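What follows is the residue order along each chain.
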Amino acid sequence: MGTGFSGEVAVYYARHRRGYPAEVVDAIAGAFGLDADDAVIDVGCGTGQLTLPLAARVGAVVGVDPEPDMLALARRAAVDSGAGNVVWLLGADTDLPVLGRVLGGRPVGALTVAVAIHFMDRDALFRAARPLLRPGGGIAVVTNGTPLWAQDADWSRALLAGLERLLGHPVTATCQTDEAGRRRNRDALVTAGYRVTESTVAYAAPLTVDDMVGGVFSAMSPDLLPDPAGRAAFTAELRAALGGRDRVTERVTVVAQFGHAD
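The rules we used
Residues numbered from 1 in each chain as written. Predicted model: local features only at pLDDT ≥ 70, side-chain atom pairs only at ≥ 80, totals over all residues. Heavy atoms only, no water. Helix = DSSP H or I, 4+ residues; strand = E, 2+ residues; numbered from the N terminus. Rg over C-alpha atoms; globule rule 2.2 N^0.38 Å. Buried < 20%, exposed > 50% of the residue type's maximum accessible area, 1.4 Å probe, protein only. Contact = heavy atoms within 4.5 Å. Areas by Shrake-Rupley, 256 points an atom, 1.4 Å probe, with all protein chains shown as cover. Lys, Arg positive; Asp, Glu negative; His and termini not counted. Charge placed at Lys NZ, Arg CZ, Asp CG, Glu CD. Pairing = 2+ DSSP bridges. Axes fitted to C-alpha atoms, helices over the stretch in contact; angles between N-to-C directions. Left-handed = near helix turned anticlockwise from the far one by under 90°. Nonpolar A, V, L, I, M, F, W, Y, C, P; charged D, E, K, R; others polar. Disulfide = S-S within 2.5 Å. Expected span 1.5 Å × (residues − 1).

Chemist: In this structure, what is going on with the overall build of the protein chain? I would like to understand it.
Modeler: Broken down by element type, the protein chain carries 10 helices and 7 strands. The C-alpha radius of gyration computed for the protein chain amounts to 18 Å, which stays within 12% of the reference 18 Å derived for 262 residues, consistent with globular compactness. Over its C-alpha atoms, taken along the principal directions, the protein chain stretches across nearly 55 × 35 × 30 Å. Evaluated residue by residue, the protein chain yields a buried proportion of 49% over its 262 residues. Residue pairs at least 24 apart in sequence account for 80% of intrachain contacts in the protein chain once pairs closer than 6 positions are excluded. Split by element, the accessible area of the protein chain, about 11,600 Å² in all, is 54% carbon and sulfur. Here the protein chain carries 24 positive and 30 negative side-chain charges, and the mean point of each set is 2 Å from the other.

Following this line, the structure appears as structure tokens:
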């Protein structure tokens, strides 16, 4: 059932993927009036970057992911943070109708998908979610900034050049975080009968070379990861390309697209 985010890739994901500022969780909670009486389903939850902040705002969260190693790290993070109101479920977006029956017909306040919609069938997912949502609830599709290798900054261009040398081919993936991807989300939500609104949170934060490298490796399949010597060489090459800098500033724009089930 796994998606390739296994083993060391899952560890890189847990250590180096950015979490979400409180303003993003506030926007999701505000969009659907979430409170302690609500349950939320976080589909494609990864290692819990959005699941755990949501758990602090609602009664319960179900984190769903097809990769066992990601869920194991998410569960560990939940224990470390003291979050006792999260259930971790091995599954995919296609399991949503069955999950609704498992919940016994109790409606949920929201379904969230954070930096994972490009792995899913939007149309089927958005249709399947409607019967699970309470009045006033909805879907939040969240992107967490532009991929590290695709930003308009000197450090990003240096990272991209090194990554293309490492892989031996051009790297153009946007993980559908661009306007074209957001348009696909809007169109699919409207087609499924949702009213669509959006919220944007922009901020600047430090980004270390280790986080750049870890972020790139967290997006690779395990078979593409260099051996330890290759990883060290890649890191040293990137640091040299940045003139010895170990830390830069990343400008992050988080976009949350809300489908309201009015």
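Chemist: For this particular structure, what's the right way to read unusual backbone geometry?
Modeler: The phi torsion of most residues other than glycine is negative, and most of the peptide bonds are trans. Phi is positive for V115, which is not a glycine, with a value near 50 degrees. Of the residues examined, V115 reaches a relative accessible area of 22% and is grouped as partly exposed. Of note, the phi angle at C175 is positive, near 55 degrees, even though the residue is not glycine. Tracing the backbone shows C175 in the loop between α7 (154-167) and α8 (179-191).

Chemist: I'm lost on the sheet that holds strand β4 (residues 108-114) in this one. Help?
Modeler: Note on sheets: strands pair through backbone hydrogen bonds, and any given pair is parallel or antiparallel. Spatial ordering of the open sheet is given by β3-β2-β1-β4-β5-β7-β6, a layout of 7 strands whose pairing is mixed. In this open sheet, the two strands that pair with only one neighbour each are β3 (86-90) and β6 (195-208). Direction aside, neighbouring strands of the sheet carry axes that sit 20 degrees apart on average. By the bridge criterion, 4 bridges tie strand β1 (residues 39-43) to β4 in an arrangement that is parallel. Within β4, the position partnered with V43 by the bridge is V113. Contacting β2 (60-65) and β3, helix α4 (residues 68-81) runs over the sheet at an angle of about 170 degrees to β3.

Chemist: Would you explain the packing of α7 against helix α10 (residues 228-241) in this entry?
Modeler: Here α7 crosses α10 at 145 degrees, and the two axes come no closer than 9 Å. Seen from above, α7 lies across α10 with right-handed handedness. Residues A158, L159, G162, L163, R165 and L166 of α7 form the contact with α10, whose participating residues are F234, E237, L238 and A241. Residues that form the contact of α7 with α10 fall into these classes: 7 nonpolar, 1 polar and 2 charged.

Chemist: I'm lost on the state of the cysteines in this one. Help?
Modeler: Here a disulfide denotes one covalent bond, and it connects the sulfur atoms of two cysteines. For the coordinates displayed, the defined rule picks out 0 disulfides. The thiol of C45 is unpaired, and the distance to the nearest cysteine sulfur, on C175, comes to 17 Å. Here C45 falls in the buried class, since its relative accessible area comes to 5%.

Chemist: Is there a simple way to think about α10 in this case?
Modeler: Structurally, the α-helix is built with 3.6 residues per turn, so residues lying three or four positions apart point the same way. Helix length check: α10 (14 residues) gives 20 Å between terminal C-alpha atoms against 20 Å at 1.5 Å per residue, within 8%. Of the surrounding elements, those touching the buried residues of α10 are α1 (8-16), α7 and α9 (209-217). Just beyond α10, the residue with positive phi is G243, at close to 70 degrees.

Chemist: Even after reading the chapter, I still don't get the side chain of T177, so can you show me in this structure?
Modeler: Inspection of the secondary structure assignment puts T177 in the loop between α7 and α8. With relative accessibility at 10%, the residue T177 sits in the buried group. In contact with T177, other than residues within four places in its own chain, are T143, G145, T146, P147 and R182.

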